[in-house]
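Observations on the model geometry
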Amino acid sequence: MAQVSIRVLGPIEVQAPGHPAVSPAPALRALLARLATTPGRVVSADALIDALWGEELPADAANALQIRVSKLRRALTRAGLDADALVTRAPGYLLAVPADAVDAYRFDQLVAAGAHDEALGLWRGPALADAGDSEWARAERGRLEEKRLAAAEDRLERLVGAGRHAEAVAELEGLIAEHPLRERLYRLLMLALYRGGRQADALAVHQRLRARLADELGIDPSPDLQALTEAILRQQVPAAPSAAPPPAPVLPTSEPGSPAPAPASATPAAASPAAPATSPVPPRLTSFVGRDADVRTTLDQLRTARIVTLTGPGGVGKTTLALETARQAADVHIVRLAGLAPQADVAESLATQLGLQTPATGDQAVEAVVEHLRHRHVLLVVDNCEHVIDSAATVIDRVVHGTTGVRILATSREALAVPGETQIAVGPLAVPVETATLEEIAAAPAVRLFLDRARSVRPGLPLDEDACRAIAEICRQLDGMPLAVELAAARAKALPPAEIAGRLRDRFALLTAGPRGSEARHRTLRATIDWSHDLLPADERRLLRRLAVFRGGWTLEAAEEVCGFAGAEPADVPDLLFRLVDRSLVTADPATGRFRLLVTIREYASGKLRDAGEETEVARRHLAHYADLAERYGPLTRFTGPAWDRIAEEQDNLRAALEFGPRSPDGLRLTLALIMFWNYGRRFEGVRAIEALLAGDGLSDDARARLLQAYGFLHVYYPTAESRAASRASLALFEALGDEHNAAIARLTIAFEGQYGGDAPENLALVRRAREVLGDVDRGWWRAMTYHVEGLIELRTSAFEASAGHFRHSLELFRAADDRLMSSALEAHLGIALRESGRLDEAVAVLERAADQCRRTGSLHGLAFALVQLAHTRLDAGRSERVPAELAEADEVAARVRNPRNPAWAAWGRARLALAAGDAVAAADDCRRAAELLADREFPWARARLWATYAEAARAAGRLDEAERARGAII
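Quick look at the structure, then. Computed from a prediction, not measured in an experiment: that's the story for all the values here. (Residues numbered from 1 in each chain as written. Predicted model: local features only at pLDDT ≥ 70, side-chain atom pairs only at ≥ 80, totals over all residues. Heavy atoms only, no water.)

Here we come to the overall build of the chain. Looking only at helices and strands, the chain features 46 helices and 13 strands. Expected size for 971 residues packed as a compact globule is a radius of gyration near 30 Å; at 32 Å, the chain falls within 12% of this value. Principal-axis analysis of the C-alpha atoms gives the chain an extent of 95 × 85 × 60 Å. Across the 971 residues that make up the chain, the buried fraction comes to 55%. Partitioning the contacts of the chain with sequence separation of at least 6, the portion at a separation of at least 24 is 69%. With the model as given, the accessible surface of the chain reaches about 38900 Å², and the carbon-plus-sulfur share is 51%. Considering the chain, the positive charge centre built from 116 side chains and the negative charge centre built from 131 side chains are found 1 Å apart. (Helix = DSSP H or I, 4+ residues; strand = E, 2+ residues; numbered from the N terminus. Rg over C-alpha atoms; globule rule 2.2 N^0.38 Å. Buried < 20%, exposed > 50% of the residue type's maximum accessible area, 1.4 Å probe, protein only. Contact = heavy atoms within 4.5 Å. Areas by Shrake-Rupley, 256 points an atom, 1.4 Å probe, with all protein chains shown as cover. Lys, Arg positive; Asp, Glu negative; His and termini not counted. Charge placed at Lys NZ, Arg CZ, Asp CG, Glu CD.)

Right under this line is the structure:
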């Protein structure tokens, strides 16, 4: 069996030893291809049925699958394979061949080994060329073709690095013609031209891409590509390295501390125009001392290992080393786990920090992250894993196994203990021996660190021989632990080195007497923090332990309100806090005015908080403070101003506060205050908080009514049976309570849900009744919303001119109210009304403006909606050039917020393109997907038009029963 070959990188073929290659019958190729993608592993019957037939199931799908498997087994036997090559094994079937018998697997192996020419030589045409056009086949074909293109890019990267510029230029020009928006190809072409002596041509390539991106997508080239252009202009492009690095991430051969080379992969392979850029590595604000060799070791390991974990005790400098290593690499994303509670969902946090606004948690969040990174070449620095070690290890393991170009640099007090992990023990800084000369003392890394930090707090620190030897003694006493050394250096502001050394002698006896294993290193850190803590006066200790309640940082005002009680007046907090900053126990960010605790110190302080019996009271005050903050800023997040940013930067604290008291009165206040913030972004977070409150007991009628109203309000664009019931229940409660203002909002919410169905006159009456009550409250925002809803109902009933008029009036009112996001939503709906009124040019201009505004404000729901409507308007106008790119961007953006409506419109748009191109099968498939996604959550005229397209495509594809069903749906 070792020489069996199954080929999917082209037409499907099977070749047994001593036999010619054969292609199975057409009906069997997709089945073989599906089994071959997971050789040696069981594929469930359900998965095979889905791959073969999708939604168009035969009468007895299980029996039909058995028949097809039997036919394939006979075909494989006739081709020369053993009779047991295709095995029945619960819950499905297994293709019993080695993984390297499949050319797609060999391709991955060759690429990983750097044998790109040989890998690309395995391709005999488009992947799965004759495996049909099912949804599974299209997805798998796209995945394999993306790998092929990425490998071609890696090969060209090596050509450019090897100086074969003319050869690379010719191939790159051809690939750019096929993939005109792929920035990595442009970057390589610019490098090849520049290094080949064609500087002007290299700059012209950038101009060509910039014009194309602006014309087709309305965006600029990535910052990395712009930086390369600037380097070309200044003739400062680094020379090609002598040996090309592996595909991802791009790691330099330069010395640590020197500038990183130009990125070798400015845009990840699978990145789309709307994909979030890699996060910048924060600039170094202090000197980097004594770790150059560690940086080189880490970089070397990252060239061969997919997971590298920096292990060691807290305070040893793992994060500092990881960030310095990241500064020497390209395509880096920093993932910070410091803000997470010990039982937090690492997968959800990782998804959020990668820009995936997904409501999924756990396994679903991991799958979303894997799909997002599947073809990217990026270094993920996952910082501070120790407090969520099990969850972090599981997530990292799945990300690495589900991707091909992701490498992980993790920091943790303990190893992740996952397959393929390379551990680097980060040890203390070297200290001078007792007999060292003054020159040797000054050269020791631990001493250099002490002097650097001490001079930052005491620039005139005298350095005679006694001081130098005292500093050497301090470093030896502290075992060269960077955090301990820095804390000691902070004391140089008030104490001479000799006195610092004297205070250390008794406290750290363990450092010289205990074992040097990991347990001892942990005690070393504890002793270091204990020493610092013991030096603090009682009022500073009190504040330090209370600061442990914060997550993700805090402001001075928050520290005053949360920590200023029982022995610490609020007026005392600023001075105490600044003293803790001076002692390096609290980190300050002067640019933002925010403070934070390092994770290790926060954990230490949390223990002190528990020991003092203050944990519950501090958490209660923390919740009350952030409920107040939410009530102050939350309702204003819909308006231009600082409110949105203020709430956004406190999300870790807001979530922690809700976790402490989700069903408390302050938890109720916090939840209700954040409704507008959630409505403009992460609606699913609000829904979760509301559901937790509604599940509890003891709610007043007013509180229950407000929560039900908010639940309905967060669902108005995608209403469910539960949300509709909630809106009506809230109205009944408010009417019983005599609360006319909130009853009016409830009526407006019910009418809002009527944009897709229901009694239009009745819903319009609800809108007008709400308008009478709401008037000009909230800067007239609610009045603007009533005209928006009225326009939606008229849009639903095909009263397009009237709808456009109400949208225009609503737009004026929202702008007058200084709303930051609804204006773009109004313009998108206005564009629809204009389009349906036949004013196509005007509609295109309005929708383009809406999309641009959504990009500026970060409104992902709005951007996806504007893009799909713009694409359909262009199709109506017979101008389809930009449509594919707009639909692709809309799909990518909608996936990040799990929006079902916009992918439906995108699928419909692709169906229209396919039908125009004569591909009726693809058009019918896309129409079916669109109809399934939309269900009844769309304007009736739009649903009817979609079904008409579906009927036309199905009829042209010869699927007459399907066409008849589609025609029936129109009626």
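Still more ground to cover, so stick around.
What follows covers the packing of aromatic side chains. A complete count under the given rule lists 14 aromatic pairs for this structure. Their ring planes at 25° and their centres at 6.4 Å tell us that W554 and F595 sit as a pair that is stacked. Remark: F595 occurs in strand β13 (residues 594-596) and W554 occurs in strand β11 (residues 554-555); sequence separation between them is 41 residues. Judged by its relative accessible area of 1%, W554 is buried. (Phe/Tyr/Trp six-rings, centres within 6.5 Å; stacked < 30°, edge-to-face > 60°.)

Turning next to the sheet that holds strand β3 (residues 42-44). Hydrogen bonds along the backbone pair up the strands of a sheet, which may run parallel or antiparallel. The sheet built from 3 strands is open, its strands ordered β3-β5-β4 with antiparallel pairing. In this open sheet, the two edge strands, each paired with only one partner strand, are β3 and β4 (86-89). With direction set aside, neighbouring strand axes in the sheet form an average angle of 30°. Packing of helix α2 (residues 45-53) onto the sheet brings it into contact with β3 and β5 (92-95), and relative to β3 it is tilted by some 65°. In the packing of helix α3 (residues 61-78) onto the sheet, the strands contacted are β4 and β5, and the crossing angle to β4 comes to about 150°. (Pairing = 2+ DSSP bridges. Axes fitted to C-alpha atoms, helices over the stretch in contact; angles between N-to-C directions.)

For soluble globular proteins, nonpolar side chains are generally found buried alongside one another. Core analysis: the biggest nonpolar cluster contains 153 residues, and L547, W554 and W781 have the highest contact counts within it. Per-element tally for this core: the top contributor is helix α41 (residues 860-876), with 10 residues. Ignoring any residue separated from it by four or fewer positions in sequence, one finds W554 in contact with L547, A559, L577, V586, G593, R594, F595, R596, L597 and Y626. In terms of nonpolar packing, the next biggest core, distinct from the first, is built from 50 residues, L28, V43, L52 and L144 among them. (Core = buried A, V, L, I, M, F, W, Y, C linked by side-chain atoms within 4.5 Å.)

Applying the stated criterion across every chain yields a total of 78 salt bridges. Taking the shortest distance from any N to any O, the salt bridge between R138 and D133 comes out at 3.7 Å. Overall, R138 belongs to the partly exposed group, its relative accessible area being 30%. Residue D133 is classed as partly exposed on the basis of its relative accessible area, which comes to 30%. In this structure, the salt-bridge partner of R910 is D891, at a minimum N-O distance of 2.6 Å. Residue R910 is found in helix α43 (residues 901-916), and its partner D891 is found in helix α42 (residues 883-896); the two are separated by 19 residues along the sequence. Shared partners join several salt bridges into a network, and the residues in it are E56, D133, R138, R141, D925, R928, R959 and E962. (Salt bridge = Lys/Arg side-chain N within 4 Å of Asp/Glu carboxyl O.)

Moving on, we get to the packing of helix α40 (residues 840-857) against α41. Running from N to C, α40 and α41 point in directions that differ by 155°, and their axes come no closer than 9 Å. Accordingly, the angle class assigned to the pair α40 and α41 is roughly antiparallel. Along this stretch, α40 crosses α41, giving a crossing that reads as left-handed. Contacts between α40 and α41 involve L840, A843, V844, L847, E848, A850, A851, C854 and R855 from the former and G862, L863, A866, L867, Q869, L870, T873, R874 and D876 from the latter. (Parallel < 35°, antiparallel > 145°, perpendicular 65-115°, else oblique. Left-handed = near helix turned anticlockwise from the far one by under 90°.)

To continue, consider the sheet that holds β13. Reading across the sheet, the 3 strands line up as β11-β13-β12 and stay open at both edges, with antiparallel pairing between neighbours. Two strands bound the open sheet, and with one partner strand each, they are β11 and β12 (587-589). Pairing of β12 with β13, which is carried by 3 bridges, proceeds in the antiparallel orientation. Pairing of T587 across the sheet is with R596, part of β13.

This part takes up unusual backbone geometry. With a phi close to 45°, A566 is a non-glycine residue in the positive phi region. Looking at the secondary structure, you find A566 in the loop between α24 (556-563) and α25 (573-582). A residue is classified by how much of its surface remains accessible, and A566, at 57% relative accessible area, is exposed. In this structure, D778 is a non-glycine residue whose phi angle is positive, near 55°. Along the chain, D778 falls in the loop between α36 (760-774) and α37 (781-796). Residue D778 is classed as partly exposed on the basis of its relative accessible area, which comes to 35%.

Our focus in this paragraph is the pairing of strand β7 (residues 332-336). The side chains of a regular strand alternate, residue by residue, between the two faces of the sheet. Most of β7 is tucked away: 4 of the 5 residues are buried. Direction of pairing for β7 relative to strand β8 (residues 378-383): parallel, over a ladder of 5 bridges. Across the sheet, residue R336 finds its bridge partner in β8, namely D383.

Before going further, it helps to spend a moment on a negative patch on the surface. On the surface, D46, D50, E55, E135 and E932 cluster together into a patch of negative charge. For D46, a relative accessible area of 61% gives the class exposed. (Patch = residues over 30% accessible without salt bridge, like charges linked within 9 Å, V, L, I, M, F, W, Y side chains within 5 Å.)

Let's shift gears to the side chain of N763. As for its placement among the helices and strands, N763 is situated in helix α36. For N763, the residues in contact, after removing those within four places along its chain, are I750, A751, G754, G757, G758, I793 and R796.

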